[in-house]
Amino acid sequence: MERIAYINGEFVPESRARVSIFDRGFLFADAVYEVTAVIGGRLVDFPAHARRLARSLGELSIDPPADAPDLLSIHRSLIERNGVEEGSVYMQMSRGAADRSFLYPHASESTVIAFTQEKKIVAHPAVARGARVITADDLRWQRRDIKTVQLLYSSMARTRAAESGCDDAWLTEDGVVTEATSSNAFIVTGGRIATHPLDRKILPGITRSVVIDLANDGGLKVEERAFTIEEAIAAEEAFMTSSTTIVLPVVRIDGVAVGDGAPRPVALELRRRYLERLSDG
Ligand code: PMP
């Protein structure tokens, strides 16, 4: 059965959702996106995703094609039309179609598309065994705080990880871990949690921010500071966060066990609290 997708004001079967060959998202990666998790048929932290999307558009001077309430109703309608219980809604906005030119066009209408994907989030298969990661140089552009569709390097690194039997790559630059290909990276060392500070080198993850709040509320110390791969390998724990994986324990980095090589208590406890928060809400 075909999914129902959203494109520029219409809900259509996915095979009928088409964009122009001149779309700047296609030609220049001139587009931004969000992925919002769906758990129990409900969107998780939609307002934070809508705020980040508005910021990404602003940083690229793309006129916002819709406001947050309209975006929310598109998301809800897609969940309902596709009967999604658990998974995500992907939404992308490009600057629109215009004859190919490096200059931003004067007038172009944003292309807005959205679709759903079903995925196990609560019972994510990598939680029980823990994730294994490789390391790779962070060769992405220098505005990683903007959530653009320019994901080729991340896709290369993730594919390389999979080819060596791993789940993801932790990216390093100037000797420190920035983040993973689509998650924020954390370690626990000396009983304190550390994660890269918010700047242009990483995406300000929604899950990162919720997990920091949960840790602080639970009396855990969190330091937003850079850390090295050596520090991560020697840490008591390592984990990563994203909307569709929540908190994923990392048990091996470049083949070396972190801690005892099994998922560890701080990561598992933060994951439990995150899920508890959803059932409270
Ligand atoms: N970093 C990168 C590079 C990402 O692509 C993502 C996922 N979109 C994240 C971190 C995690 O962000 P979030 O918790 O908002 O899903």
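Residues numbered from 1 in each chain as written. Predicted model: local features only at pLDDT ≥ 70, side-chain atom pairs only at ≥ 80, totals over all residues. Heavy atoms only, no water.

## Overview of the overall build of the chain
So, point 1. Looking only at helices and strands, one finds eight helices and 15 strands in the chain.
So, point 2. Scaling as 2.2 N^0.38, a compact globule of 281 residues should have a C-alpha radius of gyration of about 19 Å, and the chain matches this with 19 Å.
So, point 3. Projected onto the principal axes, the alpha-carbon positions of the chain cover approximately 55 × 40 × 35 Å.
So, point 4. Put simply, the chain has 281 residues, and 48% of those count as buried.
So, point 5. Of the accessible surface of the chain, which amounts to about 13400 Å², a share of 52% is contributed by carbon and sulfur atoms.
So, point 6. In the chain, 34 positive and 40 negative side-chain charges are present, and the distance between their average locations comes to 1 Å. (Helix = DSSP H or I, 4+ residues; strand = E, 2+ residues; numbered from the N terminus. Rg over C-alpha atoms; globule rule 2.2 N^0.38 Å. Buried < 20%, exposed > 50% of the residue type's maximum accessible area, 1.4 Å probe, protein only. Areas by Shrake-Rupley, 256 points an atom, 1.4 Å probe, with all protein chains shown as cover. Lys, Arg positive; Asp, Glu negative; His and termini not counted. Charge placed at Lys NZ, Arg CZ, Asp CG, Glu CD.)

## Description of the domain arrangement of the chain
For an interface, size is often stated in terms of accessible area lost upon the parts coming together.
So, point 1. One can read the domain layout of the chain as domain 1 (4–118) and domain 2 (131–280).
So, point 2. Computed over C-alpha atoms, the centres of domain 1 and domain 2 are 26 Å apart.
So, point 3. Each partner contributes to the interface: domain 1 provides 21 residues, whereas domain 2 provides 19 residues.
So, point 4. Carbon and sulfur atoms make up 62% of the area that domain 1 and domain 2 hide from each other, which totals about 1600 Å².
So, point 5. If you sort the residues of domain 1 by the area they bury against domain 2, Tyr33, Asp45 and Arg52 come out on top, with a joint share of 35%.
So, point 6. Of the charged contacts in the structure, one is a salt bridge between aspartate 45 and arginine 277, with a shortest N-O distance of 2.6 Å.
So, point 7. Listing elements by their share of the side of domain 1 that touches domain 2, those giving two or more residues are β3 (31–39), α2 (46–59) and β5 (87–94). (Domains from an automatic or database assignment. Contact = heavy atoms within 4.5 Å. Buried area = accessible area lost by both parts, 1.4 Å probe. Salt bridge = Lys/Arg side-chain N within 4 Å of Asp/Glu carboxyl O.)

## A few points about α2
So, point 1. In a regular helix each residue adds 1.5 Å, so 14 residues correspond to 20 Å; α2 covers 20 Å between its end C-alpha atoms and thus fits that length.
So, point 2. For α2, every residue scored as buried is listed here: Phe46, Ala48, His49, Ala50, Arg52, Leu53, Ser56 and Leu57.
So, point 3. In this structure, the buried residues of α2 make contact with β3, β4 (42–43), α3 (68–82), β5 and α6 (206–217).
So, point 4. Of the residues trailing α2, serine 61 is marked for its positive phi of about 55°. (Expected span 1.5 Å × (residues − 1).)

## A closer look at the site of the ligand
So, point 1. In the neighbourhood of the ligand, 16 residues make up the surrounding shell, with Arg52, Lys147, Glu179, Thr207 and Ser243 lying closest.
So, point 2. Lysine 147 is positioned with one of its side-chain polar atoms (N or O) 2.3 Å from a nitrogen atom of the ligand.
So, point 3. One nitrogen or oxygen atom from the main chain of isoleucine 206 is found 2.8 Å from an oxygen atom belonging to the ligand.
So, point 4. About the coverage of the ligand: the protein hides 93% of its 390 Å² of free accessible area.
So, point 5. Of all elements in the fold, only α6 and β13 (237–242) reach the threshold of two or more residues within the shell around the ligand. (Near = heavy atom within 4 Å. Polar contact = N/O pair within 3.5 Å; in protein donor to acceptor, adjacent residues only side chain to side chain.)

## Some details on the environment of leucine 268
So, point 1. The topology assignment puts leucine 268 in helix α8 (residues 265–280).
So, point 2. Judged by its relative accessible area of 35%, leucine 268 is partly exposed.
So, point 3. As for leucine 268 and leucine 248, which are separated by 20 residues in sequence, their C-alpha atoms are 8.1 Å apart.
So, point 4. The residues touching leucine 268, leaving out its near neighbours within four places in the chain, are Val127, Pro249 and Pro263.

## Remarks on the pairing of strand β9 (residues 176–180)
So, point 1. Counted residue by residue, β9 has five buried out of five residues, so it is predominantly covered.
So, point 2. Note that strand β8 (residues 168–173) and β9 share three bridges and pair antiparallel. By the bridge assignment for β9, glutamate 173 is matched with valine 176.
So, point 3. Counting the residues between successive antiparallel strands, the hairpin from β8 to β9 contains two residues, one of them, aspartate 174, with a positive phi of roughly 50°. (Pairing = 2+ DSSP bridges.)

## Considering a nonpolar patch on the surface
So, point 1. The grouping of Ile21, Phe22, Phe26 and Leu27 at the surface amounts to a nonpolar patch, some 410 Å² of accessible area in total.
So, point 2. Along the chain, isoleucine 21 turns up in the loop between β2 (10–13) and α1 (24–28).
So, point 3. For isoleucine 21, a relative accessible area of 59% puts it in the exposed group. (Patch = residues over 30% accessible without salt bridge, like charges linked within 9 Å, V, L, I, M, F, W, Y side chains within 5 Å.)

## Observations concerning the environment of arginine 208
So, point 1. Examined against the element boundaries, arginine 208 turns out to sit in helix α6.
So, point 2. Spatially, the C-alpha atom of arginine 208 lies 14 Å from that of threonine 181, the residues being 27 residues apart in sequence.
So, point 3. With residues near it in sequence (within four places) discarded, arginine 208 still touches Asn184, Phe186, Thr195, His196, Pro197, Leu198, Ile202, Glu224 and Thr241.

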